[in-house]
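# Examining the three-dimensional arrangement
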Amino acid sequence: MNWISNYVRPRINSIFSRREVPDNLWSKCDDCGAMLFHREIRDNLNVCTNCGHHMAITPRDRFETLFDGGVFAEIDVPEPVADPLHFRDQKKYPDRMRSAQKSTGEKEAMLVAHGEIGRTPIVAAAQDFSFMGGSMGMYVGNAIVAAAEAAVEHRCPLILFSAAGGARMQEGILSLMQMPRTTVAVQMLKEAGLPYIVVLTHPTTGGVTASYAMLGDVQIAEPNALICFAGPRVIEQTIREKLPEGFQRAEYLLEHGMLDRVTPRKELRGELITITRMLMGLPPAIHGDLPSPDETSTSSAPAEDSETK
Amino acid sequence: MAHYLDFEKPLAEIEGKAEELRAIARQSDDPMDVEEEANALDRKAADMLKSLYKELTPWRKCQVARHPERPHCKDYIDALFTEFTPLSGDRNFGEDQAVMGGLARLNDTPVMVIGHEKGHDTQSRLRRNFGMARPEGYRKAIRLMEMADKFGLPVITLVDTPGAYPGKGAEERGQSEAIARSTEACLSLGVPLVSVIIGEGGSGGAVAFATANRVAMLEHSVYSVISPEGCASILWKDAEKMREAAQALRLTAEDLHKLGVCDRIIPEPLGGAQRDPEGTIRTVGRALKQLLDELSGKDAGTLRADRRRKFLELGSKGLAA
Ligand SMILES: [Zn+2]
C-alpha cells in the first residue's frame, strides 16, 4: 500500500462478506495445469506464472489492483424489480440468485466504482463472470446506466471490463432490452465528449458483445479471451465444419480488425492511464515514485504510473 | 391452406373430409345430401378453428409466428407501399438479401422501409438466408437509416428473423459490432422510427431494427431474448422442453404489452395471418399510418429523447404478481 490509503479511506459498502482464501492454498492453472500458490497467482493478477494464461478475476480484486492504492468508492446501482417475469425453469430464478450471491459474496454481476488510476479520475465498471455467467439483466443495465451517469457527473472517462455469457434468460425480453438501454448509456458519454474504453475479458459473448461491449472508443482485449456473438459450438452445428485455430479469440479479432489492442493484464493499468490521459488532454503520467500528496494538490498534477504498491 | 401446424391436425382432418365429400358430390347424381354433410363439417371446422386460436399457448404462438405462409416483409412492401425502390449493399463488403430496404411511399409520403425477409420457397429462402442477417445486412440498414435521417424521411422497420446468422464469416466481419451499431443508429435518428414485429423477433437481430419510437406486434408474433428451443437446451438441458421455455420467457405480444416493450398489438384474422394475408397486411397498413401520425410534427430532439426515455424506463416494472 502506498501513501494514498492513509488519507483516502476506502468506502466499504458491500453488504456481503468477502471470501477470504488462505495464502498457502494451492490452485491449479486451468490451462497448463501447473500447481501454484494462491498468493503467487493473486500477486500476478490471476495470470498463471508458468504459462501466462489469464484466469478469471473478480471485479473487486481487479479494482483493488487497478485503482491507486486499491482505493475506490463503490457507486450505488438502483435495484431493479426482482424476478420480473416470475421465471421458473428447473429452479426458481430467486433461488438461482440467492445461490449466486452466496457463492460470490456479491449482490449482482456488475461492480461500479469511482476512483483514480495514476491520479486520473475514472469510473470503472466490471462484470463478474462468476455471478450467473456475468449475465446481463436489468441490474447490469442499471449498473451501466449508473456508471455512465457518474462519469458524466464527474466529467471523467468510463472504463468497462466485460465478461459475460450473454443476456440473462431468466429476465426474458427485459434482459434483451438492456441492449438498447446500455446503448443509451454509451450515447450519454459520447454526447458529453467523454472517453469510453472497453476491456473485453474472457469470455464476452452474445447480447453483451452486440451492445455496450463493442461500442467503445478504444477496444482492448485480454489475451486469448473468447469474444463472439454466436458461440463456436452453435456455429459448428450450423455450418457443419471445423472452425480455424484461435477462432473468436482476442488475437483473431485483432487480426480481423475488430479490436484496437490485445494487452496482457499486467500492462493494462499503465496502458489505460496513458490512453485516458491523452483523451482527456492531461499531461503524461510520471513513471516512478510519487511526490508526497501535499506538494501536488492541484488537479493538473502529473500522475504516477508506478507499480510501487 | 396447404400447411397445417401440428396442433391444427384435427382441423386438417375435418377440412380434408369436407373437401373429399365435395369431390365425391361433384361426381355423384345426387349431390344434395353430401353437400349438407360437408356444410356440417365446415361448421365444425370453423368452431374448432375458433377454439384452437382463442387461447394459443406461447409455444403455439411461436409456431404461428414461424408459419411459412405467413405474410413476410416483401408481401407487406408490395401491398402497402408504392414506388418501392430497393437500395442495396453496405458499401463495404456485400449485399445481404436477408435484409430488404429502400425508398418507398406510404400513402404518398416518402419513407425508408427496412425489414428482414425470410423467402417463400426453397430458392428464395436460401437466397434470403431464412431471414438471418449477416453484418452486411445490419450495415446496409445503418446506411439506409442515416440516409433517411439526412433527408427527413420516417423509417419503418418490419422485423421477422430467427436471429442474426451464426456463421464463420459473419463473426469474422463483426456480427456483434454491426448489431450494436445498428441499435445505436436507431437511437440516433432524428426522424420517426416505427417498428412492427410481423413474425419472429429473434434476439439481438431484432433489437437492431426495433429500437424504435413505437414498437407494434402482430397478435401472434413473438419477440424474445432466445428461441424457446435454445432456452430449453440451456436451462432445461433438453431442447424438447420448448413449451415450458416459451411459457417462461413471456414472449407473446400480450405479455410484452404488459411489460411496456410493445406499444400496440395489431389483431390478426381468426386462425392467424396465414389464413388471410391480405386482411392482415391491410390492418398493419392502418396501424402504421396511425403510429406515424402520432409522431408527426415532433422535432428531431424530441423524437430522440422520446426513444431514449422509452428504453431507459423499460424494465422498471415487471409482471403483476
Ligand atoms: Zn498455466
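Please refer to the structure higher up on the page.
Now for a quick tour of the structure. Only a predicted model underlies this, so the values are computations on that prediction, with no experimental measurement involved. Residue indices follow the written sequence of each chain, beginning from 1 at its first position. Note on labels: chains are lettered from A, ligands numbered from 1, in written order. Local features in this predicted model are restricted to residues of pLDDT 70 or higher, and side-chain atom pairs are both shown and tallied only at a pLDDT of 80 or more, whereas totals for entire chains, interfaces and linings draw on every residue.

### A look at the overall build of chain B
Heads up, the condition is: Counting from the N terminus, the helices are the DSSP runs of H or I reaching at least four residues and the strands are the DSSP runs of E reaching at least two. Computation of the radius of gyration draws on C-alpha atoms, with the globule rule given as 2.2 Å multiplied by the number of residues to the power 0.38. Three exposure classes are used. Buried residues have 20 or more other C-beta atoms within 10 Å of their own C-beta, exposed residues have 12 or fewer, and partly exposed residues fall in between, all C-beta atoms being placed from the backbone. C-beta atoms are placed from the backbone for every residue, and two residues are taken to be in contact when these atoms lie within 7 Å.
Each helix and strand in chain B was counted, giving 14 helices and eight strands. Taking 321 residues into account, the globule formula puts the C-alpha radius of gyration at 20 Å, and chain B, at 21 Å, falls close to it. Sorting the 321 residues of chain B into buried and exposed places 49% on the buried side. For chain B, long-range pairs separated by at least 24 residues make up 71% of all intrachain contacts whose partners lie at least 6 apart in sequence.

### What about the interface of chain A and chain B?
Keep this limit in mind: Here the nonpolar group is Ala, Val, Leu, Ile, Met, Phe, Trp, Tyr, Cys and Pro; Asp, Glu, Lys and Arg are the charged ones; every other residue, Gly included, is treated as polar.
With 43 residues of chain A in contact, the opposing surface of chain B contributes 42 residues. Put simply, the parts of the chain that give the side of chain A that touches chain B at least two residues each are helix 5 (138–154), helix 6 (172–176), helix 7 (178–191) and helix 8 (232–239) of chain A. It is helix 7 of chain A that provides the largest number of residues to the side of chain A that touches chain B, a total of six residues. A per-class count over the side of chain A that touches chain B returns 27 nonpolar, 13 polar and three charged.

### Considering the nonpolar core
Basically, it comes down to this: Core membership is restricted to buried Ala, Val, Leu, Ile, Met, Phe, Trp, Tyr and Cys residues, and these are joined into a nonpolar core through C-beta atoms within 7 Å.
Within the largest apolar cluster, 163 residues are counted, with the highest numbers of intra-cluster contacts made by Val-112, Ala-125, Ala-147, Leu-158 and Ile-173 of chain A together with Met-145 and Val-155 of chain B. The element that contributes the greatest number of residues to this core is helix 5 of chain A, accounting for nine residues. Filtering out sequence-adjacent residues up to four positions away, Met-145 of chain B remains in contact with Met-112, Val-155, Ala-185, Cys-186 and Leu-189 of chain B.

### As for the pairing of strand 5 (residues 193–202) of chain B
Every regular strand shows the same layout, with side chains that alternate between the two sheet faces. Residue and element names in this part refer to chain B. Heads up, the condition is: Two strands qualify as a pair provided that DSSP identifies no fewer than 2 bridges between them. Classification remark: right-handed applies to a crossover when, strands pointing away from the viewer, the course from the first strand over the helix to the second runs clockwise.
Along strand 5, 10 of the 10 residues are buried, which leaves the element largely enclosed by surrounding structure. Two elements, strand 4 (residues 155–161) and strand 5, share six bridges in a ladder whose sense is parallel. Across the sheet, Val-159 pairs through a bridge with Ile-197, a residue of strand 5. Running through helix 9 (residues 203–210), the crossover from strand 5 to the neighbouring parallel element strand 6 (residues 214–218) is right-handed. Sheet analysis places strand 5 next to strand 7 (residues 222–224), joined by three bridges and oriented parallel. What sits directly across from Gly-201, in strand 7, is Tyr-223.

### Focus on the packing of helix 5 of chain A against helix 7 of chain A
Residues and elements named next belong to chain A. Stated precisely, the cut-off is as follows: With axes taken as lines fitted to C-alpha atoms, and helix axes fitted only over the stretch in contact, angles between N-to-C directions fall between 0 and 180 degrees. What sets the label is the angle itself: under 35 degrees gives roughly parallel, over 145 gives roughly antiparallel, 65 to 115 gives roughly perpendicular, and the rest give oblique.
Two elements in contact, helix 5 and helix 7, have axes whose closest approach is 9 Å; the angle formed by their N-to-C orientations is 5°. As the angle between them shows, helix 5 and helix 7 are arranged roughly parallel. Between helix 5 and helix 7, the contacting residues are Met-138, Val-140, Gly-141, Ile-144, Val-145, Ala-148, Glu-149, Ala-151 and Val-152 on the first element and Gln-178, Arg-181, Thr-182, Ala-185, Met-188 and Leu-189 on the second. Taken together, the residues of the contact of helix 5 with helix 7 sort by class into 10 nonpolar, three polar and two charged.

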